[in-house]
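If you want the building blocks of each chain, they are given just below.
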Amino acid sequence: NAGVTQTPKFQVLKTGQSMTLQCAQDMNHNSMYWYRQDPGMGLRLIYYSASEGTTDKGEVPNGYNVSRLNKREFSLRLESAAPSQTSVYFCASTSYTDTQYFGPGTRLTVL
Amino acid sequence: GESVGLHLPTLSVQEGDNSIINCAYSNSASDYFIWYKQESGKGPQFIIDIRSNMDKRQGQRVTVLLNKTVKHLSLQIAATQPGDSAVYFCAENLNTGGFKTIFGAGTRLFVKA
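Small disclaimer: the values here were computed from a predicted structure and weren't measured. (Residues numbered from 1 in each chain as written. Chains lettered and ligands numbered in written order. Predicted model: local features only at pLDDT ≥ 70, side-chain atom pairs only at ≥ 80, totals over all residues. Heavy atoms only, no water.)

Looking at the pattern of salt bridges
Following the criterion strictly, the structure yields 7 salt bridges over all chains and no others. Residue Asp38 of chain A is joined to Arg44 of chain A by a salt bridge in which the shortest nitrogen-to-oxygen separation is 2.5 Å. Classification of Arg44 of chain A by relative accessible area gives partly exposed; the value is 23%. The partner of Asp84 of chain B in a salt bridge is Arg61 of chain B, with the nearest N and O atoms 2.9 Å apart. Of the two residues, Asp84 of chain B sits in the loop between strand E8 (72-77) and strand E9 (86-94) while Arg61 of chain B sits in the loop between strand E6 (56-58) and strand E7 (62-67), which places them 23 residues apart along the sequence. You can call Asp84 of chain B buried: its relative accessible area is 7%. (Salt bridge = Lys/Arg side-chain N within 4 Å of Asp/Glu carboxyl O. Buried < 20%, exposed > 50% of the residue type's maximum accessible area, 1.4 Å probe, protein only. Helix = DSSP H or I, 4+ residues; strand = E, 2+ residues; numbered from the N terminus.)

Details of the environment of Val60 of chain A
Looking at the element boundaries, Val60 of chain A is found in the loop between strand E6 (56-57) and strand E7 (64-68). Taking the C-alpha atoms as reference points, Val60 of chain A and Tyr35 of chain A, 25 residues apart in sequence, are found 8.9 Å from one another.

What to know about the interface of chain B and chain A
Listed by partner, the interface residues are 20 residues for chain B and 17 residues for chain A. Buried area between chain B and chain A, summed over both chains or domains, comes out near 1,400 Å², and the portion from carbon and sulfur atoms is 57%. Viewed at the interface, chain A and chain B are joined by 0 salt bridges. Taken together, chain B and chain A are joined by 4 residue pairs in polar contact (both at pLDDT 80 or more). The set of elements that each furnish at least two residues to the side of chain B that touches chain A consists of strand E4 (30-38), strand E5 (45-51), E9 and strand E10 (101-103) of chain B. The element that contributes the greatest number of residues to the side of chain B that touches chain A is E4 of chain B, accounting for 4 residues. (Contact = heavy atoms within 4.5 Å. Buried area = accessible area lost by both parts, 1.4 Å probe. Polar contact = N/O pair within 3.5 Å; in protein donor to acceptor, adjacent residues only side chain to side chain.)

Section: the side chain of Arg68 of chain A
Residues and elements named next belong to chain A. Tracing the backbone through its elements, the reader meets Arg68 in strand E7. A distance of 2.9 Å separates the side chain of Arg68 from the backbone oxygen of Asn30, its partner in a polar contact. At a separation of 2.8 Å, a polar atom in the side chain of Arg68 contacts the main-chain carbonyl oxygen of Lys71. Discounting chain neighbours no more than four positions away, the residues touching Arg68 are Gln25, His29, Asn30, Ser31, Met32, Ser49, Ser51, Glu52, Gly53, Thr55, Glu73 and Phe74.

Digging into the sheet that holds E7 of chain A
The strands making up a sheet associate through backbone hydrogen bonding, with each pair oriented either parallel or antiparallel. All names here are of chain A. Here 4 strands make up an open sheet; going across it, the order is E1-E3-E8-E7 and the pairing antiparallel. The two strands at the open ends of the sheet, each matched to only one other strand, are strand E1 (4-7) and E7. In this sheet, neighbouring strand axes are inclined to one another by 20 degrees on average, regardless of whether the strands run parallel or antiparallel. Looking at chain direction, E1 and strand E3 (residues 19-25) are connected through 4 bridges and run antiparallel. Bridge pairing in E3 places Val4 opposite Gln25. (Pairing = 2+ DSSP bridges. Axes fitted to C-alpha atoms, helices over the stretch in contact; angles between N-to-C directions.)

Observations concerning unusual backbone geometry
Residue and element names in this part refer to chain A. With omega at -5 degrees, the peptide bond leading from Thr7 into Pro8 counts as cis. Note that Pro8 resides in the loop between E1 and strand E2 (10-13). Positive phi, normally seen in glycine, also occurs at Asn28, with a value near 60 degrees. Its location among the elements puts Asn28 in the loop between E3 and strand E4 (31-37).

Written as C-alpha cells, this is what we have:
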C-alpha cells in the first residue's frame, strides 16, 4: 500500500513549456485534490475531483488543467508554464472521514 | 471573512517540555477539524482530528482541544522531542457541500536540544 504517489519529484521548466504532473492513490478513495504551496504559506487548492468523472475549480485554477483518468489517477497539466507557477505541488486523496492523505510533492521551478 | 488562522507563526520549545500550537477559526458551519504535521521536504501528514460535537480528543502524546464558544482550536504535544520539529497546520471542514477544507498558514515548531 503506497498511499499517494507523485511524479516527478523535481522539475525545471522554461517559461512557455508544458508539462503534466502525475498522481495516483491506491486507497480506493473517491476524492482527489491538487494543491500548491508557496514558501511560508499554507496550501492553496488548485482543482479537485469529488469522484471519478468530475472535476471542479479550487481557489487558484488559472493556468492549470486537470484530468481524472480513473479512480486512482488525477493529473495536473501546465499548458504554458510561467515563473509565477514555481511552487511545490501536492496531490491528496480523501477517505470517508474527510481526512486528506498527501503525496510527497513535486518541486517545480519555472525559469 | 471566513478563515482559519494561527496565532503564532513560530514556536520554539525545549526538548521534554510540552508544546501548545493554537488556531483560530471563524466559520460557524465547520464540523470537523484536523491537525497536520509537515516535515521539511515532505507532504503534510495527518496527526489527529476532532468533530464539532467534542471538546477534547487524545492521541499518542498529542491532544486536540476545541472551544466552540471562542472558535479556537489547539494542539498540545507532550514531552516534545526533536522529531516533532515541523510545520503544523490546522484545517477546517465546512459542512456546506462542495469542497470544504480550509488550511491555515501553519506554525513552525522548533525543538531545542
